[in-house]
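Here is how the chains run, residue by residue.
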Amino acid sequence: MESKRTEIKRIIKDTKSLPTLPGVIAKLGALAENNSVSVHEMARVVSSDQVLSAKVLRLVNSAFYGFSGRVSTVSNALILLGVNVVKSLAISSSIFEIMEKNVVGLWEHSMGVAVAANVISKRLGLPEPEETSTAALLHDIGKVIIKIKLQEDYGHLTALINEKGLMMLEAERELLEADHAEIGEWLGQTWLLPEKLIEPIACHHDVARSRVHQTKTAVVHVSDVLIKASGFGYSGDDLVPLIQPVAWQKLGLNAELLASIVEEVEDKLVEVRNFSLDIQSNNEPKA
Amino acid sequence: MNPKRRIALLSGDQQLHMHLELRLQSKDYQVVSLPEPSQVLGFIYSDPPDLVIIDLATPNPQFHTVLKELKQDSYFSTIPVIGLISEGAGEGVVWDQFPLDDFVSHPVRYPELFSRIQLSLQRIKRVFDNNPLTKLPGNTSIQRAIERALGKPLAVCYIDINNFKPYNDTYGFSRGDEVLRMVGRIMSNTVKETKDGGFVGHIGGDDFVFIIPLENVEQVCKTIIASFNIIVSDLFGDEDKARGHYLAKDRMGVVQKTPLLGISIAVVPTDNPLMQHAAKVVEVAAELKKLAKKSPESCYVIDRRRTNPLPAVADLPSRREQ
Amino acid sequence: MQNIPLTLAKAGMVVAKEIKASDDPASMTICGKGVKLTDSLINRLVQMGIQSVNVEGHPVKMEGESSIEEMLASLEHRFRRAGDDPLMLMIKDIYKGQIRRSMGDTGGK
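For clarity, every value in this text was computed on a predicted model and none was experimentally measured.

Student: When you look at the overall build of chain B in this model, what are you seeing that I'm missing?
Tutor: The helix and strand tally for chain B stands at 10 helices and 13 strands. The principal-axis extents of the C-alpha atoms in chain B amount to approximately 70 × 45 × 30 Å. Within chain B, the proportion of its 322 residues that are buried is 49%. If you take every contact in chain B between residues at least 6 apart in sequence, the share linking residues at least 24 apart comes to 64%. In the structure as shown, chain B presents an accessible area of about 16000 Å², 53% of it carried by carbon and sulfur atoms. Computed over 38 positive and 39 negative side-chain charges, the inter-centroid distance for chain B is 4 Å.

Student: Explanation requested: the overall build of chain A in the structure shown.
Tutor: On a plain count of helices and strands, chain A comes out with 16 helices and zero strands. The C-alpha radius of gyration of chain A comes to 18 Å, within 12% of the 19 Å expected for a compact globule of 287 residues. Counting only C-alpha atoms and orienting by the principal axes, one finds that chain A spans roughly 50 × 50 × 40 Å. Counting over 287 residues, chain A shows a buried share of 62%. With the model as given, the accessible surface of chain A reaches about 10700 Å², and the carbon-plus-sulfur share is 52%. Distance from the positive charge centre (29 side chains) to the negative charge centre (37 side chains) of chain A: 5 Å.

Student: Would you mind going over the pairing of strand E12 (residues 299–303) of chain B with me for this structure?
Tutor: Put simply, side chains in a regular strand alternate between the two faces of the sheet. Residue and element names in this part refer to chain B. Extensive coverage of E12 is indicated by the burial of five of its five residues. Here E12 shows two buried faces, one formed by Cys299, Val301 and Asp303 and the other by Tyr300 and Ile302. On the question of chirality, the crossover connecting strand E11 (residues 262–269) to the parallel E12 by way of helix H10 (residues 278–293) is left-handed.

Student: What's the story with the interface of chain C and chain A in this structure? I'm lost.
Tutor: How big an interface is tends to be expressed through the accessible area that disappears when the partners come together. With 24 residues of chain C at the interface, the matching set in chain A holds 28 residues. The contact between chain C and chain A buries some 2300 Å² in all, and 60% of this surface belongs to carbon and sulfur atoms. Three residues stand out in chain C for area buried against chain A, namely Arg78, Arg81 and Tyr95 of chain C, and they jointly supply 30% of the buried area on that side. The interface formed by chain C and chain A holds five salt bridges in total. Ionic pairing is found between Glu170 of chain A and Arg81 of chain C, a salt bridge with its closest N-O pair at 2.7 Å. In this assembly, chain C and chain A are joined by 11 residue pairs in polar contact (both at pLDDT 80 or more).

Student: Got a minute to help me understand the nonpolar core in this structure?
Tutor: For soluble globular proteins, the rule of thumb is that nonpolar side chains tend to be buried together. Within the largest apolar cluster, 169 residues are counted, with the highest numbers of intra-cluster contacts made by Phe210, Leu261 and Ile265 of chain B together with Ile91 of chain C. Listed in part, the 20 residues of the second largest apolar core include Ile142, Ile146, Ile211 and Ala266 of chain B.

Student: Just to check I follow, could you spell out the pattern of salt bridges for this structure?
Tutor: If the charged atoms of two oppositely charged side chains come close together, the side chains can form a pair. Enumeration over the complete set of coordinates arrives at 40 salt bridges over all chains. The salt bridge partner of Asp179 of chain A is Arg173 of chain A, with a shortest N-O separation of 2.9 Å. Judged by its relative accessible area of 9%, Asp179 of chain A is buried. One salt bridge connects Lys289 of chain B with Asp207 of chain B, and the closest N-O pair in it is separated by 3.3 Å. Of this pair, Lys289 of chain B sits in helix H10 while Asp207 of chain B sits in strand E8 (residues 207–213), placing them 82 residues apart in sequence. Classification of Lys289 of chain B by relative accessible area gives buried; the value is 19%.

Student: Just checking my understanding: could you explain the packing of helix H14 (residues 214–230) of chain A against helix H16 (residues 255–280) of chain A for this structure?
Tutor: Think of two packed helices as two axes; the pair is described by the angle between the axes and how far apart they sit. Residues and elements named next belong to chain A. Axis separation between H14 and H16 bottoms out at 11 Å; the angle between their running directions is 65°. Crossing of H14 against H16: the hand is right-handed. Between H14 and H16, the contacting residues are Leu226, Ile227 and Ser230 on the first element and Leu258, Val262, Val265, Glu266 and Leu269 on the second. Residues that form the contact of H14 with H16 fall into these classes: six nonpolar, one polar and one charged.

Student: Just checking my understanding: could you explain the environment of Ile203 of chain B for this structure?
Tutor: Residues and elements named next belong to chain B. Topologically, Ile203 is positioned in strand E7 (residues 199–204). Distance in space between the C-alpha atoms of Ile203 and Pro99 is 23 Å, their sequence separation being 104 residues. Non-local contacts of Ile203, meaning those with residues more than four positions away in its chain, are made with Asn139, Ile142, Tyr158, Phe208 and Val209.

Student: Just checking my understanding: could you explain the interface of chain A and chain B for this structure?
Tutor: If you look at the interface, chain A gives 27 residues, while chain B gives 28 residues. Both sides together, the interface formed by chain A and chain B hides about 2400 Å², and carbon and sulfur atoms give 55% of it. When the buried surface of chain A facing chain B is broken down by residue, Phe64, Arg70 and Ile79 of chain A rank first, second and third, together holding 28% of it. Here chain A and chain B share one salt bridge between them. Between Glu178 of chain B and Arg70 of chain A there is a salt bridge, with its nearest N and O atoms 2.7 Å apart. Where chain A touches chain B, the interface holds eight residue pairs in polar contact (both at pLDDT 80 or more). Among the elements of the structure, helix H4 (50–60), helix H5 (74–81) and helix H6 (83–91) of chain A are those that each provide at least two residues to the side of chain A that touches chain B. It is H6 of chain A that contributes the most residues to the side of chain A that touches chain B, six residues altogether. For the side of chain A that touches chain B, the residue count by class is 13 nonpolar, eight polar and six charged.

Student: I'm lost on the environment of Val81 of chain B in this one. Help?
Tutor: Residues and elements named next belong to chain B. Along the chain, the position of Val81 falls in strand E4 (residues 81–86). Judged by relative accessible area, which is 0%, Val81 ranks as buried. Expressed as a C-alpha distance, the spacing of Val81 and Leu133, which sit 52 residues apart in the sequence, is 21 Å. Not counting residues within four places of it along the chain, the set of residues in contact with Val81 comprises Val52, Ile54, Leu67, Leu70, Lys71, Leu100, Asp101 and Asp102.

Student: What am I meant to see in the side chain of Asn272 of chain B here?
Tutor: Residue and element names in this part refer to chain B. Mapped onto the elements of the fold, Asn272 is located in the loop between E11 and H10. Given a relative accessible area of 3%, Asn272 falls into the buried group. A distance of 2.9 Å separates a polar side-chain atom of Asn272 from the backbone nitrogen of Leu274. A distance of 2.7 Å separates a polar side-chain atom of Asn272 from the backbone oxygen of Arg305. Sequence-distant contacts of Asn272, defined by excluding residues within four places in its chain, comprise Asp303, Arg305 and Arg306.

Student: Would you mind going over unusual backbone geometry with me for this structure?
Tutor: Peptide bonds are, in most cases, trans, and in most cases residues other than glycine have a negative phi. Residue and element names in this part refer to chain B. That bond from His106 to Pro107 is cis: its omega, 15°, falls within 30 degrees of zero. Structurally, the position occupied by Pro107 is in the loop between strand E5 (102–106) and helix H4 (110–125). Here the phi dihedral of Lys135 falls at roughly 65°; this positive angle occurs in a residue that is not glycine. Here Lys135 is to be found in the loop between H4 and helix H5 (139–149).

Student: Even after reading the chapter, I still don't get the side chain of Asp240 of chain B, so can you show me in this structure?
Tutor: Residue and element names in this part refer to chain B. Position of Asp240 among the secondary structure elements: in helix H9 (residues 238–243). Of the residues examined, Asp240 reaches a relative accessible area of 15% and is grouped as buried. A distance of 3.0 Å separates the side chain of Asp240 from the side chain of Arg243, its partner in a polar contact. Excluding residues that lie within four positions of it along the chain, Asp240 makes contacts with His245, Tyr246 and Leu260.

Student: Just checking my understanding: could you explain H5 of chain B for this structure?
Tutor: Each α-helix turn comprises 3.6 residues. Residues three or four places apart therefore point the same way. Residue and element names in this part refer to chain B. Within the sequence span of H5, burial applies to Ser141, Ile142, Ala145, Ile146 and Ala149. One side of H5 carries all its buried residues, which in axial view fall inside an arc of 135°. Of the surrounding elements, those touching the buried residues of H5 are strand E6 (154–162), E7, E8 and H10.

The rules behind each value
Residues numbered from 1 in each chain as written. Chains lettered and ligands numbered in written order. Predicted model: local features only at pLDDT ≥ 70, side-chain atom pairs only at ≥ 80, totals over all residues. Heavy atoms only, no water. Helix = DSSP H or I, 4+ residues; strand = E, 2+ residues; numbered from the N terminus. Buried < 20%, exposed > 50% of the residue type's maximum accessible area, 1.4 Å probe, protein only. Contact = heavy atoms within 4.5 Å. Areas by Shrake-Rupley, 256 points an atom, 1.4 Å probe, with all protein chains shown as cover. Lys, Arg positive; Asp, Glu negative; His and termini not counted. Charge placed at Lys NZ, Arg CZ, Asp CG, Glu CD. Rg over C-alpha atoms; globule rule 2.2 N^0.38 Å. Right-handed = clockwise from strand over helix to strand, strands pointing away. Buried area = accessible area lost by both parts, 1.4 Å probe. Salt bridge = Lys/Arg side-chain N within 4 Å of Asp/Glu carboxyl O. Polar contact = N/O pair within 3.5 Å; in protein donor to acceptor, adjacent residues only side chain to side chain. Core = buried A, V, L, I, M, F, W, Y, C linked by side-chain atoms within 4.5 Å. Axes fitted to C-alpha atoms, helices over the stretch in contact; angles between N-to-C directions. Left-handed = near helix turned anticlockwise from the far one by under 90°. Nonpolar A, V, L, I, M, F, W, Y, C, P; charged D, E, K, R; others polar. Arc of directions from axis to C-beta.

Right under this line is the structure:
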């Protein structure tokens with residue numbers, strides 16, 4: 001009898017792609033038709049979606065291209081893959097058959113955390129803000145795996161959360177012997193993503209565990225806490241996790257700095273919300 | 001144990017698809033079913049198969065597009081494509097428009113199909129003319145392309161990476177290879193994404209060449225340099241970038257301040273009456289390259305001389321100190 | 001101060017935070033703080049691709065929007081397992097202030 005962890009690792013090895021919102025694909029399809037529209041618009045839409053970003057990064061870091069783990073942002077991937085390849089990749093993505101609140105919620109949450117990570121990185125003058133923002137976008141990709149590939153378990157998880165008031169993380173550890181951070185880590189490794197993206201994904205709930213990319217991990221952790229506090233999006237439970245002092249110290253934060261960061265993040269989230277509404281208006285299931 | 005070869009099937013005919021799939025599987029090939037035509041390219045890009053069979057007997061313009069797109073990308077053009085063509089229709093095909101690697105007639109004679117599949121897979125392994133590292137056209141194609149460009153309003157542009165050897169020596173050949181692949185991709189993508197596209201090739205080592213319409217030269221050179229700077233920026237640490245150099249041992253074992261990577265582009269317009277022969281183009285390019293390398297930063301140099309033998313009057317448009 | 005999509009902006013609303021041409025802080029200011037919006041100004045902003053604008057007060061009741069009390073209650077609910085942790089209390093306070101600010105209480109910076 002295969003252990004749950006082994007089962008999940010096996011499933012991940014067989015996973016070549018994941019679905020995303022129909023509205024995102026529809027938007028990209030429309031952009032792709034319009035030749036003058038632009039690479040920047042496409043990059044913007046792709047980099048706001050965790051599944052598409054992961055897909056593009058997986059391709060550019062694959063053995064086929066030979067850049068092994070070197071490329072960490074969608075914009076760099078675009079330069080190396082070329083517009084046509086990214087366009088084709090994006091519009092051929094699969095979509096969620098059944099649209100529900102959790103699916104959109106997780107998508108919004110991931111975008112929100114990416115935005116927060118960007119603000120924090122820039123405000124604190126940290127290096128590689130785009131890479132950090134990408135890691136933040138992908139931080140919960142493990143949850144997509146659970147939702148799509150472990151559907152039965154996903155049902156049990158939600159039941160457990162409602163019943164016992166647990167956080168998603170706790171429910172996962174209880175039921176699956178692994179949590180979404182670890183699952184995301186395994187996916188990142190299987191898809192040959194760069195270490196600077198994998199470590200923050202793997203350690204965003206346990207910052208002390210990070211080795212080389214401690215700053216990026218701290219930023220992703222804090223961003224996750226802020227977005228949950230903000231109530232923007234929905235990542236499986238409505239609980240704000242405790243912020244880890246090691247992350248707080250690593251970034252040299254204080255109340256005043258944080259307050260001003262929060263104000264900027266909240267302002268930016270309004271645009272994200274507008275974007276989300278735009279995407280959702282195209283979410284009608286295929287005829 | 002060799003992993004099974006994966007063959008992708010593109011056919012509008014359900015029956016045919018089913019038959020093909022069964023016969024191929026019986027020969028131990030893994031068959032990948034492609035989704036509807038508009039999604040085929042994305043599917044192939046994200047998970048490249050070992051070979052593609054396209055049914056061209058049932059006319060479908062989308063299949064044709066897939067074929068052309070695939071063969072235009074230097075990386076993906078190395079996947080062999082076998083076409084199914086209606087019996088007798090082979091004679092009317094304009095092969096220029098259908099860049100297949102092989103074809104079989106439809107109705108399919110399976111023993112023949114299997115032989116052709118094996119032949120195609122073997123053939124692609126023989127180094128044709130493509131550079132094995134970057135998969136870009138090599139010297140035979142390059143020579144031909146330069147000859148075709150003479151007398152036309154085009155420009156033959158040579159890219160060469162500055163300070164590449166010390167980088168290779170310090171960071172190793174694998175990293176050096178990655179840089180070469182990056183330059184190859186950046187050059188290909190930039191050229192392909194401009195109006196009227198152009199030819200791209202890899203001469204060898206850190207020498208590349210591309211041929212584009214004269215009017216696009218400034219735009220393409222600037223874009224390639226800008227993209228290169230962005231990508232290469234990731235290869236060096238922040239302090240090295242600020243200093244403009246990194247410390248590395250040279251061939252004598254002495255630690256030197258080694259400049260970061262950059263590129264030089266030598267541009268030789270071919271509508272110039274002085275350009276009578278491909279060899280002349282190469283000669284002029286060599287001169288321009290020397291000039292370009294004098295600049296500490298990436299730059300491009302265009303040959304504007306029209307008569308012989310004036311002293312060099314070359315532009316260094318991206319040189320900051322001017 | 002309320003950040004609203006440009007599609008909901010109406011003449012008479014007052015700009016609470018300057019509008020810049022793009023996200024880049026070095027870009028040009030198109031419209032200063034304190035300017036009263038007019039129909040032609042709004043049209044011009046639309047043509048420039050501006051997506052949203054910060055206006056004084058809280059003039060637009062967004063669909064499904066809750067009252068301040070509801071939002072504060074949700075905030076408490078989200079923080080229910082944060083206990084007495086000082087950092088968490090501080091973060092909660094920051095968000096309380098943020099809610100009040102967005103609901104027009106402090107009327108802009």
